[in-house]
Amino acid sequence: MNGTNTNNNNINVWEAAASGGQTVHYVVRHPWEWVMDDLAKDAAMNPVDEASNLPSAKQASAQEVSTSSPRRTRRARNNARNKANQGRTSLRMEVVDSETGQIMLAAHGTSGCFDGLGDKDELVRTFQRCRCEQVQLSPPAILIQWDVSKEECNNIVGTKLPSLNKNADPSSTVAVLKEPMGSRGRGIYFVRTADEIHQIIDENHQRASQEPDLLENLIAAKGRIPSWVLQAEVQPALLVRDRRKFHIRSYLVVVERPDDEVLDMFIYGRHEVRIAGVSVDEGEGQYRNPVAHITNGALSDSTDRVLLSDLPELMDRGVTEKLELFIAETFGKYLLSDISRRIPPPNAHGQPIREFAVAGMDLMVTEDLRIYLLKVNVNPAAPPQTMCNASYSSHLKGFFKDLVNLVTMGVGARGDFRDVFEILERHASE
């Protein structure tokens, strides 16, 4: 009989696919296809092109057909297809009994526990709502409306830009202005005055107003027009490899428990480091060379992607331990209640699907080893295969295989994932 099992099972999907008694279906977000397809090529797994073609979606659609009128059936089928395909997640995987068609396990990266954190302005609001400003998990920031007038901008910014140093000289302070919808280094400006800030925002406002339906689509998608973020510069930043700036990308995974309102949270233990293509000029003053200060590779072909463990200058100073404790405290302590409230009550999904979420966090480190969270990338992308050397490709495949094992086989097969709450307990006992 077709249907879905209680889904409390943990299944080794690699063995299940090879056995022939069960079939494994998966769909991944496009940037991860080359990673997952390489892992699955010898495992007899079945990739599907859209989430609507997974067994659970087909069974749900068939059930709606059998209980609905023709008009309601078409509407329900379209709604189900749209819901299944919206915002393709990093991974959805299902294990089906080959003989009965019963779904033995469904693990979907569709948890909403990180909802909103991927928007720059909402991340700032979340820190404000959770009263995290005093512990400075993220650089101090000010939100500015997309259509702000010059007078309003001067009043909001005042005479002093946000700074990590409360005693900084306003005349020499540089801050970072972030465009609401910018990504991969686009829409980042290094600014010095309120007039400069307003000029940048106003120019973008004029362009946006001329694009048909842009503002209406933003409101429809997000319920608002996102705000600009004026944020303190992480300065003085810790530098590596002949004065080159870097940021760290760390992965965090939350797995919902299907039978209660509890969550499990894990940090991936192999952290990525993205190093700027050129060195920071010792005498740069207030000038910021974007190629030296924007570290994600969008502005330079010479940006390096390595692992933190490859940099002895960071390993020798204990950055790994400080980093993982910072992430554990940020998400497992300060933001835990905000994350938990986004998890629906048991059985609210209609199907016992094991839901999880993946976030890629971008962080920076100061010379005195203070760590700051810059951005949360919900469902982060993998770089193109052509940009990865053999070592980095192996790392990405290792991460994704550990992710598959964690969400299908449980905590006993977590590989290089580290339990956030165990990190906090260990720190509390030291």
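Residues numbered from 1 in each chain as written. Predicted model: local features only at pLDDT ≥ 70, side-chain atom pairs only at ≥ 80, totals over all residues. Heavy atoms only, no water.

Caption draft 1: Representation of the packing of helix α2 (residues 33-40) against helix α13 (residues 390-409). Running from N to C, α2 and α13 cross one another at 70°; their axes reach a closest spacing of 9 Å. Between α2 and α13, the angle falls in the class roughly perpendicular. Contact residues: W34, V35, M36, D38 and L39 in α2; S393, L396, K397, F400, K401 and V404 in α13. Here the residues of the contact of α2 with α13 sort into seven nonpolar, one polar and three charged. (Axes fitted to C-alpha atoms, helices over the stretch in contact; angles between N-to-C directions. Helix = DSSP H or I, 4+ residues; strand = E, 2+ residues; numbered from the N terminus. Parallel < 35°, antiparallel > 145°, perpendicular 65-115°, else oblique. Contact = heavy atoms within 4.5 Å. Nonpolar A, V, L, I, M, F, W, Y, C, P; charged D, E, K, R; others polar.)

Caption draft 2: Geometry of the side chain of K178. As for its placement among the helices and strands, K178 is situated in strand β7 (residues 175-178). Within the buried set, K178 has no salt-bridge partner at all; the shortest N-O distance to an opposite charge, 8.3 Å, is to D362. Other than its neighbours up to four places away in sequence, K178 contacts K120, G187, W228, V229, Q231 and L374. (Buried < 20%, exposed > 50% of the residue type's maximum accessible area, 1.4 Å probe, protein only. Lys, Arg positive; Asp, Glu negative; His and termini not counted. Salt bridge = Lys/Arg side-chain N within 4 Å of Asp/Glu carboxyl O.)

Caption draft 3: Spatial organisation of the nonpolar core. Counting 44 residues, the largest nonpolar core has F114, F246, L252, I327 and F331 as the members making the most contacts within it. If you list the elements that add at least two residues to this core, you get α5 (120-129), β10 (244-256), β11 (263-268), β12 (272-279), α11 (319-334), β14 (354-365), β15 (371-378) and α14 (420-429). Among the elements that make up this core, the one with the highest residue count is α11 (seven residues). Contact partners of L252, with chain neighbours within four places excluded, come to F114, M265, F266, I267, I327, F331, A357, V358, A359, M361 and V420. Of all hydrophobic cores here, the second largest spans 40 residues; its members include A17, V255, F266 and V358. (Core = buried A, V, L, I, M, F, W, Y, C linked by side-chain atoms within 4.5 Å.)

Caption draft 4: Layout of the confidence of the model for the protein. On average, the protein scores 86 in pLDDT, and the residues at 70 or more come to 87%. Counted against residues more than four places away or in other chains, residues 1-7, with its pLDDT under 50, gives 26 contacts. Here residues 73-86 is a poorly scored stretch, pLDDT under 50, and it has 16 contacts once near neighbours within four places are set aside; other chains count. (pLDDT = per-residue confidence, 0-100.)

Caption draft 5: Representation of the pattern of salt bridges within the structure. This structure, assessed with the given rule, holds 20 salt bridges. A salt bridge links D119 to R224, with the nearest nitrogen and oxygen atoms 3.4 Å apart. A residue pair is termed long-range when its members are at least 10 positions apart, and D119 in the loop between β5 (102-108) and α5 and R224 in the loop between α8 (214-222) and β9 (228-232) qualify at 105 residues. Of the charged contacts in the structure, one is a salt bridge between D304 and R241, with a shortest N-O distance of 3.1 Å. Placement of the pair is D304 in strand β13 (residues 304-307) and R241 in the loop between β9 and β10, with a sequence separation of 63 residues. Given a relative accessible area of 33%, R241 falls into the partly exposed group. Several salt bridges share partner residues, and in doing so they unite D119, D121, E122, R125 and R224 into one network.

Caption draft 6: Local environment of α2. Within α2 the residues assigned to the buried category are W34, V35, M36, L39 and A40. Those residues of α2 that are buried lie in contact with α1 (13-19), β2 (22-28), β4 (91-97) and α13.

Caption draft 7: Structural view of the environment of E355. Looking at the element boundaries, E355 is found in strand β14. Using a relative accessible area of 8% as the deciding quantity, one classes E355 as buried. Along the chain, E355 and A106 lie 249 residues apart, while their C-alpha atoms are 8.4 Å from each other.

Caption draft 8: Molecular detail of the sheet that holds β9. Read from one edge of the open sheet, four strands run β6-β9-β7-β8, paired in antiparallel fashion. Of all the strands in the sheet, the pair left with one neighbour each is β6 (141-144) and β8 (188-191). For this sheet, the mean inter-axis angle between neighbouring strands, taken without regard to orientation, is 25°. Strand direction decides the pairing type here: β7 and β8, joined by four bridges, are antiparallel. Considered in β8, the bridge of L177 is made with Y189. Against the sheet, helix α7 (residues 194-210) makes contact with β6, β7, β8 and β9, and its axis sits at roughly 155° relative to β8, the strand it touches most. (Pairing = 2+ DSSP bridges.)

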